[in-house]
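A structural walkthrough
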Amino acid sequence: MPSAKAIIAAASEDIRASLSSMCAEAEIADITVTDGGSLKELFAENAYDIALLVLPFEDRFGADTAVYLSKSYDTEVVTFVPSKLYDDVCSKLARTGGLILPKSAPRALIINALRNAVHTKERLDGLREEKQTLSEMVNEMKLVNRAKCVLIEYLRISEKEAHRQMQKRAMDQRITLTEVAADILKTYEYN
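Figured I'd write up the structure that's included with this text.

Criteria and cut-off values
- Residues numbered from 1 in each chain as written.
- Predicted model: local features only at pLDDT ≥ 70, side-chain atom pairs only at ≥ 80, totals over all residues.
- Heavy atoms only, no water.
- Core = buried A, V, L, I, M, F, W, Y, C linked by side-chain atoms within 4.5 Å.
- Buried < 20%, exposed > 50% of the residue type's maximum accessible area, 1.4 Å probe, protein only.
- Helix = DSSP H or I, 4+ residues; strand = E, 2+ residues; numbered from the N terminus.
- Pairing = 2+ DSSP bridges.
- Right-handed = clockwise from strand over helix to strand, strands pointing away.

**Focus on the nonpolar core**
Formed by 22 residues in total, the largest nonpolar core has its most connected members in L19, I28, I50, L52, F80, I110 and L114. It is helix α5 (residues 107-155) that contributes the most residues to this core, six residues altogether. In terms of nonpolar packing, the next biggest core, distinct from the first, is built from 19 residues, L55, A63, V81 and L93 among them.

**Brief notes about the pairing of strand β1 (residues 5-9)**
Counting buried positions along β1 yields four of five residues, so the element is predominantly enclosed. Pairing geometry for β1 and strand β2 (residues 30-34), over five bridges, is parallel. Bridge pairing links K5 to D30 in β2. Handedness of the crossover joining β1 and β2 through helix α1 (residues 13-25) is recorded here as right-handed. Two elements, β1 and strand β3 (residues 50-54), share four bridges in a ladder whose sense is parallel. Residue pairing across strands places A9 opposite L53, the latter belonging to β3.

**Overview of the environment of A108**
The residue A108 is located in helix α5 in this model. Given the relative accessible area of 59%, A108 is considered exposed.

What follows is the structure, given as structure tokens:
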């Protein structure tokens with residue numbers, strides 16, 4: 001994965017600067033910073049690999065925003081909270097899969113957490129791609145099987161013969177089995 005793209009949302013300019021330098025140490029080069037007010041708008045316009053949220057924001061606490069980002073985007077969310085609120089926030093964000101750290105966490109721990117977030121994002125992206133590929137394969141198999149059933153029903157042939165006819169047609173016409181299946185369904189089912 002090329003350098004991860006991160007967004008930092010914190011009310012304090014000092015915290016934004018500190019987290020930016022930690023991101024650089026974690027080899028995250030593409031960084032956007034905000035005070036948290038325009039976070040949803042920035043996400044609507046851009047894709048981010050990692051979101052670092054330092055709660056509370058100026059105008060609101062922000063835990064709902066962390067939940068929203070975790071559920072709505074393919075982004076690893078790292079949330080920093082005041083130590084006294086850590087347990088409450090952990091219970092609220094427990095099912096989001098994001099990292100939750102106290103604001104007082106040591107620098108080395110934060111940098112390690114950022115590196116782990118990047119690696120987690122890479123692995124999840126790989127799994128999403130694999131899931132998409134498998135889903136497409138299953139849909140193609142369903143289409144081919146539906147076409148075979150249509151041939152069996154209309155031509156009164158065996159499943160083996162239907163499959164052989166479809167394969168022969170695909171080879172003769174130099175098209176995929178899926179294209180043959182779609183054509184068969186179009187011809188016999190008028191869909």
